[in-house]
Structure formats: structure tokens, C-alpha cells
Amino acid sequence: MRNQRRLQLATVGLVAVITATGCAPGAGSDAGGAGGGGAMTAPALVPSTSARPTPPRVSATPVPDRAPTVIPVSAFLALPEEMRFGRIRVPVEADRALPRLCGGEFTGGGVRAASAAVMSVYGLAGDPPGSIPHGVLYQTIRTYRGNGSTTFMRHLRTELASCQSFTHEGVPYRIRTATLAGVGDEALTIDVSQPQTDLPGNPVGGTQTNRAVVIRIGDTVTVLWDAEYERSSSKPEVVADFARRAVDAIHAWRR
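Thresholds, definitions, all that
Residues numbered from 1 in each chain as written. Predicted model: local features only at pLDDT ≥ 70, side-chain atom pairs only at ≥ 80, totals over all residues. Heavy atoms only, no water. pLDDT = per-residue confidence, 0-100. Contact = heavy atoms within 4.5 Å. 1 Å grid on protein atoms, 1.4 Å probe; cavity = no way out; pocket = protein on both sides within 12 Å on 5 of 7 lines; lining within 4 Å. Points joined across faces, edges and corners; volume = space filled by probe spheres on them. Nonpolar A, V, L, I, M, F, W, Y, C, P; charged D, E, K, R; others polar. Disulfide = S-S within 2.5 Å. Helix = DSSP H or I, 4+ residues; strand = E, 2+ residues; numbered from the N terminus. Core = buried A, V, L, I, M, F, W, Y, C linked by side-chain atoms within 4.5 Å. Buried < 20%, exposed > 50% of the residue type's maximum accessible area, 1.4 Å probe, protein only. Salt bridge = Lys/Arg side-chain N within 4 Å of Asp/Glu carboxyl O.

## As for the confidence of the model for the chain
Of the residues in the chain, 75% reach a pLDDT of 70 or more, and the chain-wide mean stands at 82. Low confidence marks residues 1-64, where pLDDT is under 50. Its contacts with residues over four positions away, or in another chain, come to 19 contacts.

## Considering empty space enclosed by the protein
The tally for this structure, following the rule as stated, stands at one cavity of 30 Å³ or more. Its boundaries defined by the atoms lining it, the largest cavity holds a volume of some 50 Å³. Taken together, the residues of the lining of the largest cavity break down into six nonpolar, two polar and one charged.

## A look at the state of the cysteines
In this structure the tally under the stated criterion is one disulfide. Note that Cys102 is cross-linked by a disulfide to Cys163, the S-S spacing being 2.0 Å. Torsion about the S-S bond of the Cys102 and Cys163 cystine: about 90°, corresponding to right-handed handedness. Residue Cys102 is found in the loop between strand E1 (90-91) and strand E2 (112-122), and its partner Cys163 is found in the loop between helix H3 (148-161) and strand E4 (165-168); the two are separated by 61 residues along the sequence.

## A few points about the nonpolar core
Most often, soluble globular proteins have nonpolar side chains that are buried together. Counting residues in hydrophobic clusters, the biggest one holds 29 residues, and the most contacted among them are Leu101, Phe106, Tyr138, Phe152, Ile190 and Val214. Broken down by secondary-structure element, the contributors of at least two residues to this core are E2, strand E3 (135-144), H3, strand E5 (171-179), strand E6 (186-197), strand E7 (203-217) and strand E8 (220-228). Setting aside residues up to four positions removed in sequence, Tyr138 forms contacts with Val92, Arg96, Ala97, Val118, Met119, Val223, Leu224, Trp225 and Ala227. Ranked by size, the runner-up nonpolar core spans 27 residues in total, among them Leu79, Ile88, Tyr122 and Ile141.

## Considering the pattern of salt bridges
All told, the structure shown has nine salt bridges when counted by the stated rule. For Glu186, the salt bridge goes to Arg216, with nearest N and O atoms at 2.7 Å. Placement of Glu186 in strand E6 and of Arg216 in strand E7 is noted, with a sequence separation of 30 residues between them. Arg244 is the salt-bridge partner of Asp241, the closest N and O atoms lying 3.9 Å from each other. Here the residue Asp241 and the residue Arg244 both occupy positions in helix H4 (residues 236-254), the gap between them amounting to three residues, near one helical turn. Among the residues examined, Arg244 registers a relative accessible area of 48% and is labelled partly exposed. Each of Arg157, Asp185, Glu186 and Arg216 takes part in salt bridges that share partners, so that together they form one network.

Spelled out as C-alpha cells, the structure:
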């Protein structure tokens, strides 16, 4: 009798434990394995509101996959009608569109997404009919992935710091650079000077100076190279106007 009494008490206790720890209806298959055997215990890993991961910070740097991989003609500046000589924005090879310097200045930087270059021959507004062109304007546009555009500008400034002069085919060249404020996100001018000569190459006294402008607008870099036309020099005010037009065209393209 005593053993039977103990068995009855143990059975009641077991029923009480199962009743106290049993699962609520509908909780079986999500918490445990097949057959619901593990349903009486909560899952080991339960997301907690206090342990949620912090959302990533929004960065001002360009997103790599948003850099354009195609550059349309409309992205390049269009010369005013009164300055045009023939066709404008004629596609050219990239090497032809950049000024010759000490070497390597335009090759560094980050990963490019796209690159294109065009050429426009131009005259000065107000020149009388029959005048020859004043210069040849080359424009290069490059887009970069990630922080590549800022990396390129940093590389360019570093290279230019050690490029103050060079000689090409016996002609001495001097290089001067300066920061250009108020244009794009950052910009600089590069003046390339050489002794003035006539068309056959005979010295005539004075200096010929042609200007390049390098401008960064977000993940995009454009290089304007105002090259000579029959030994002409750049006019800084004209190149400054080109720079403003170039930035406006790129902004219109990227809107």
C-alpha cells in the first residue's frame, strides 16, 4: 500500500510539472523539431529589440554602382554659336585630348567607370568675318567608382608638385598650377608655357601659354585643355567661361 501511495503521488507530481511547463496552442512546429518534442522550451536564439544591428551610416561618398558607364555627347559643353568653327564635340582619342606634361599625371587615381573625349575648334566672339580660329578646345570626361575621383585629384596634385618644367623635342616648357575656387567640388588650373615662335618654329620673343582646367564634380572629373591654333595662347577669361559651361553641362546630365 505504501508503495502504491508513493506511485500515485509521483504520477500527480509529473502531471503538475507537464501542466505548468506545457506550450501554448499553435507553438509546436516553429519552436521544435519534427513531432513537436522540443515545443516546451523556448528557442535558444530569439531576436531582441535591444540587440538589433545598428543601421549603416549614410555616406556622402559616391556609391560604386551609380557611376555612369556611358558618357553621352550632351554631357560635354556646347560652344556658343558665335564661337563655333565647323563641327563641335568631335570624338577624339583620350591621349590626344590631354596636355603633355612630365608624364603620368593623368594616369593615376581610382577605378574608372567610363571615359570619353571630344574636340571643338573655336574663335573669339566679335572676331571679324574671315578670321582664323583662336584655339582648339579638348574636353575629357571620366567617371570613377567609389572615391576614385578624389583619389585621382590627390594623385594629380602630388604629381604636379614635382613637375615644374620639362623639355620636349628641344623646346623648354614651364608648368604652373593654381587652385580654382568656386568651380565644381574642387578644381585647379595648369598653365603650360613655352617660348613664342612663328609657324616654322623660329623664336619671335615672348611666351606662349596654354591653359588646362581640371574639375571634379562628385564622382566625375572633366579636363579642359585649351590647345593652340597656329601658336595662339589661352585667354584666361575665355577658359574660365568654358569651365563654368562644362560644370553646368555635367550637372544637367547627372540630374
